Amino acid sequence: MENRESAYRGIRKRIDAAMAEREQHGGESRPVRLVAVSKRQPVEAIRALAELGQRDFGENYLQEALDKQEALGDLPLTWHFIGPIQSNKTRLIAAHFDWVHSVDRVKLVRRLGEQRDPARGPLNVLIQVNIDDEASKSGASPDEVPAIAAACGEHPTLRLRGLMCIPRPGNTEAFSQLAELNAGLPEPLPDLSMGMSGDFEVAIAEGATIVRVGTALFGPRD
Ligand SMILES: *Cc1c(COP(=O)(O)O)cnc(C)c1O
């Protein structure tokens, strides 16, 4: 377990260093939110990280996430849905998550907006953009982003926070492209969710405000 603690402290240190360097170069000064990606990791690993102070956890598979949330219901965690969304699953996502990073079509916005219980407070939404991977089926194309953003504005139960991308491995240019896309919107959004275990420092340099880190925190997945 000492390993887990040193991995966690190490990642936090690297995030802090990348943030400090970005600020020194005149970049974004807002803090970076670390989402610990716990897909295919056991509940005990999440609990151990929560004991070290980690609050934000990201999950890709709905049923797996719901089971874990139930087992960890005694902890004050913030849950992020980061996987592909089937439209028949939006009701459960709206009911059980605080953030959703993978909204990529207007239909999902409508369903999440209608299904979110206002009493739970707004659901934080990020639009997933297919910035570089023609072959991938998930993510909106850059020119679809304004319409999806406008649809979010019609639902007081949603709070549009920003853009998210999952570039092809090694394509770190995608991060500056996502930042440019955001800067070019009629109303640029506050958050960019980009960067994973292998590239979160580059993503922070390019303006990430949310990084999603799995393997580097938890080790290999089952
Ligand atoms: C699995 C996953 C991650 C974490 O990837 P690592 O390389 O393990 O850090 C981040 N974002 C998304 C959308 C993922 O599916």
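Residues numbered from 1 in each chain as written. Predicted model: local features only at pLDDT ≥ 70, side-chain atom pairs only at ≥ 80, totals over all residues. Heavy atoms only, no water.

Caption draft 1: Region of interest: the overall build of the chain. Summing up its helical and strand segments, the chain has 9 helices and 8 strands in all. In terms of overall dimensions, the chain is globule-like: its C-alpha atoms have a radius of gyration of 17 Å, near the 17 Å expected for 222 residues. Along the longest, intermediate and shortest principal axes, the C-alpha atoms of the chain span 45 × 45 × 35 Å. The buried share of the chain, taken over its 222 residues, is 50%. Long-range contacts, defined here as pairs at least 24 residues apart, represent 57% of the contacts in the chain between residues at least 6 apart. Surface summary for the chain: the accessible area is close to 10700 Å², and the carbon and sulfur share equals 49%. (Helix = DSSP H or I, 4+ residues; strand = E, 2+ residues; numbered from the N terminus. Rg over C-alpha atoms; globule rule 2.2 N^0.38 Å. Buried < 20%, exposed > 50% of the residue type's maximum accessible area, 1.4 Å probe, protein only. Contact = heavy atoms within 4.5 Å. Areas by Shrake-Rupley, 256 points an atom, 1.4 Å probe, with all protein chains shown as cover.)

Caption draft 2: Looking closely at the state of the cysteines. Scanning all chains against the criterion turns up 0 disulfides. Free of any disulfide, Cys-152 has its nearest cysteine sulfur in Cys-165, 17 Å distant. Residue classification places Cys-152 among the buried positions, given a relative accessible area of 3%. (Disulfide = S-S within 2.5 Å.)

Caption draft 3: Spotlight on the environment of Pro-169. The residue Pro-169 is located in the loop between strand S6 (158-164) and helix H7 (173-183) in this model. For Pro-169, a relative accessible area of 84% puts it in the exposed group. Sequence separation between Pro-169 and Asp-199 is 30 residues, and the spatial gap between their C-alpha atoms is 8.9 Å.

Caption draft 4: Expanded view of the environment of Asn-88. Topologically, Asn-88 is positioned in the loop between strand S3 (78-81) and helix H4 (90-96). For Asn-88, a relative accessible area of 57% puts it in the exposed group. Counting along the chain gives 23 residues from Asn-88 to Arg-111, while the straight-line C-alpha distance between them is 9.1 Å.

Caption draft 5: Up close: the side chain of Arg-212. Tracing the chain through its elements places Arg-212 in strand S8 (residues 210-213). At 2.9 Å, the side chain of Arg-212 and the side chain of Ser-193 are in polar contact. For Arg-212, the contacting residues outside a window of four places in its chain are Val-35, Val-37, Ile-82, His-101, Met-164, Cys-165, Ile-166, Ser-193, Met-194, Gly-195, Met-196 and Ser-197. (Polar contact = N/O pair within 3.5 Å; in protein donor to acceptor, adjacent residues only side chain to side chain.)

Caption draft 6: The arrangement of the site of the ligand in detail. Near the ligand the following residues occur: Val-37, Lys-39, Asn-60, Ile-82, Ile-166, Met-196, Ser-197, Arg-212, Val-213, Gly-214, Thr-215 and Arg-221. Between an oxygen atom of the ligand and a side-chain N or O atom of Asn-60, the distance comes to 2.7 Å. Taking Arg-221, its side chain carries an N or O atom lying 2.8 Å from an oxygen atom of the ligand. With the chains in place, 88% of the 390 Å² that the ligand exposes on its own is no longer accessible. (Near = heavy atom within 4 Å.)

Caption draft 7: Region of the structure containing the side chain of Lys-39. Assignment of secondary structure puts Lys-39 in the loop between strand S1 (33-37) and helix H2 (43-51). Glu-59 is the oppositely charged side chain nearest to the buried, salt-bridge-free Lys-39, at an N-O distance of 8.7 Å. Setting aside residues no more than four positions away along its own chain, Lys-39 makes contact with Gly-58, Glu-59, Asn-60, Tyr-61, Glu-64, Lys-68 and Arg-221. (Lys, Arg positive; Asp, Glu negative; His and termini not counted. Salt bridge = Lys/Arg side-chain N within 4 Å of Asp/Glu carboxyl O.)

Caption draft 8: A look at the packing of aromatic side chains. Following the criterion strictly, the structure yields 2 aromatic pairs and no others. Between Phe-57 and Trp-79, the ring centres sit 6.1 Å apart and the planes meet at 40°, which makes this aromatic pair tilted. Taken together, the positions of Phe-57 in strand S2 (residues 56-59) and Trp-79 in strand S3 put the pair 22 residues apart, joining distant regions of the chain. Of the residues examined, Trp-79 reaches a relative accessible area of 7% and is grouped as buried. Taking the centre distance of 5.3 Å and the plane angle of 80° together, the rings of Phe-81 and Phe-97 count as edge-to-face. Of this pair, Phe-81 sits in strand S3 while Phe-97 sits in the loop between H4 and strand S4 (99-103); the two residues are 16 residues apart in sequence, bridging distant segments of the chain. Residue Phe-81 shares its accessibility class with Phe-97, and that shared class is buried. (Phe/Tyr/Trp six-rings, centres within 6.5 Å; stacked < 30°, edge-to-face > 60°.)

Caption draft 9: Main features of the pattern of salt bridges. Under the criterion given, the structure shown has 11 salt bridges. Among the salt bridges present, the one from Glu-201 reaches Arg-14, with a minimum N-O distance of 2.9 Å. Pair noted here: Glu-201 is in helix H8 (residues 200-205) and Arg-14 is in helix H1 (residues 2-24), with a separation of 187 residues, a long-range link. Judged by its relative accessible area of 32%, Glu-201 is partly exposed. What emerges from the salt-bridge pattern is a single network uniting Glu-59, Glu-64 and Lys-68.

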